[in-house]
Amino acid sequence: MTTRGIIFDMDGLLVDSEKIYYQANIRAAKEMGFDFTPEDHHAILGTTDTYLRNYFKAKLGSATAATEFIDRSYRNVATVVEADGVAIKPGLVDLLDYCDNQGISRVIASSNFRSMVDDFMQSTGLQSRFSQIVAGDEVTHGKPNPEIFLKALDILALPAPSALVLEDSPNGVMAASKAAIPVIMVPDLIAPTAITNQQTLATVGDLAQVIPYLEK
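Predicted model only: the values in this text are computed from it and were never measured. (Residues numbered from 1 in each chain as written. Predicted model: local features only at pLDDT ≥ 70, side-chain atom pairs only at ≥ 80, totals over all residues. Heavy atoms only, no water.)

Engineer: Pulling in residues and values, what's your account of the layout of surface pockets?
Structural biologist: Approximately 510 Å³ is the volume attributed to the largest pocket. If you trace the largest pocket, you find 31 residues lining it, with Ile 44, Thr 47, Leu 52, Tyr 74 and Asn 112 closest to the centre. Counting residues per element, the ones that place at least two in the lining of the largest pocket are α1 (18-32), α2 (38-44), α3 (49-60) and α4 (63-84). Among the elements that take part in the lining of the largest pocket, α4 stands out by supplying five residues, more than any other. Taken together, the residues of the lining of the largest pocket sort by class into ten nonpolar, 14 polar and seven charged. (1 Å grid on protein atoms, 1.4 Å probe; cavity = no way out; pocket = protein on both sides within 12 Å on 5 of 7 lines; lining within 4 Å. Points joined across faces, edges and corners; volume = space filled by probe spheres on them. Helix = DSSP H or I, 4+ residues; strand = E, 2+ residues; numbered from the N terminus. Nonpolar A, V, L, I, M, F, W, Y, C, P; charged D, E, K, R; others polar.)

Engineer: So what's going on with the nonpolar core? Residues and values would help.
Structural biologist: The biggest cluster of nonpolar side chains holds 35 residues, and the ones touching the most others in it are Phe 8, Leu 14, Leu 95, Leu 166 and Val 210. Of all the secondary-structure elements, those providing two or more residues to this core are β1 (5-8), α1, α4, α5 (92-102), α6 (114-124), β4 (163-167) and α10 (211-214). The element contributing the most residues to this core is α5, with five residues. What Val 210 contacts, discounting residues up to four positions off in sequence, is Leu 95, Leu 164, Leu 166, Ile 184, Val 186 and Val 204. (Core = buried A, V, L, I, M, F, W, Y, C linked by side-chain atoms within 4.5 Å. Buried < 20%, exposed > 50% of the residue type's maximum accessible area, 1.4 Å probe, protein only. Contact = heavy atoms within 4.5 Å.)

Engineer: Now, about unusual backbone geometry: what can you tell me, with residues and values included?
Structural biologist: At the junction of Lys 143 and Pro 144, the peptide bond is cis and its omega measures out at 15° in the coordinates. Of note in the backbone geometry, Ala 157 takes a positive phi value of approximately 55° without being a glycine. Among the structural elements, Ala 157 can be located in the loop between α7 (147-156) and β4. In this structure Ala 157 comes out as exposed when scored by relative accessible area, which is 63%. Phi is positive for Ala 180, close to 65°, though the residue is something other than glycine. Structurally, the position occupied by Ala 180 is in the loop between α8 (170-178) and β5 (183-185).

Engineer: Describe the sheet that holds strand β3 (residues 133-135), listing the residues and the values that go with them.
Structural biologist: The strands that make up a sheet pair up through hydrogen bonds in the backbone, lying either parallel or antiparallel. Strand order in the open sheet formed by six strands is β3-β2-β1-β4-β5-β6, and the pairing between neighbours is parallel. The sheet is open, and its two edges are formed by β3 and β6 (202-203), each paired on a single side. Inspection of the sheet shows strand β2 (residues 105-110) paired to β3 by three bridges, in the parallel sense. Residue Ser 110 lies in a different strand from β3, and its bridge partner there is Ala 135. The sheet contacts of α7 involve β1, β2, β3 and β4, and relative to β2 the element is tilted by about 155°. Sheet strands in contact with α8 are β4 and β5, and its direction is about 170° off that of β5. (Pairing = 2+ DSSP bridges. Axes fitted to C-alpha atoms, helices over the stretch in contact; angles between N-to-C directions.)

Right under this line is the structure:
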């Protein structure tokens, strides 16, 4: 079936933000005297703020410590973005131009806060290219629960086979699979697994490489 709408993740897919989060978390953990590991980053990638707080409450032993760590991390992210900005991912402009030319609608479905999504859209100049957004604080359940993608699908007003999800993380791929929406993975920090390979139409190196699948 022809793709008539695309659901985009944001962090690590539209913008090169995951590396910023990773370094911000490492710095915050160092300030507090504990190690933030790659396993920690993988565990929280693509999840909601509630999950994040529960994860670090368990790791650090208290809600107070978890809140301090998360607040420090957010401040570190804000400092980097304010000073250096955040880059868009390779191939994005080509893909968006193709969607415009073909009349393919789009919506962002990000686990991040709406305020953070808006900030990134403004700092990258992408706000004019995305008029529809569903954020993590606008749903009850985060990825890999399919709620955010089902809500995005409602915004597109399309049947699932006419939509396409683009994701960089296994949690996002799993959420799309549970929503029965076709999904292509564009890996960022985490490589595809045997399970994600079973759940995706394809895995591609950058966003421009999605275009051939839209032309089929």
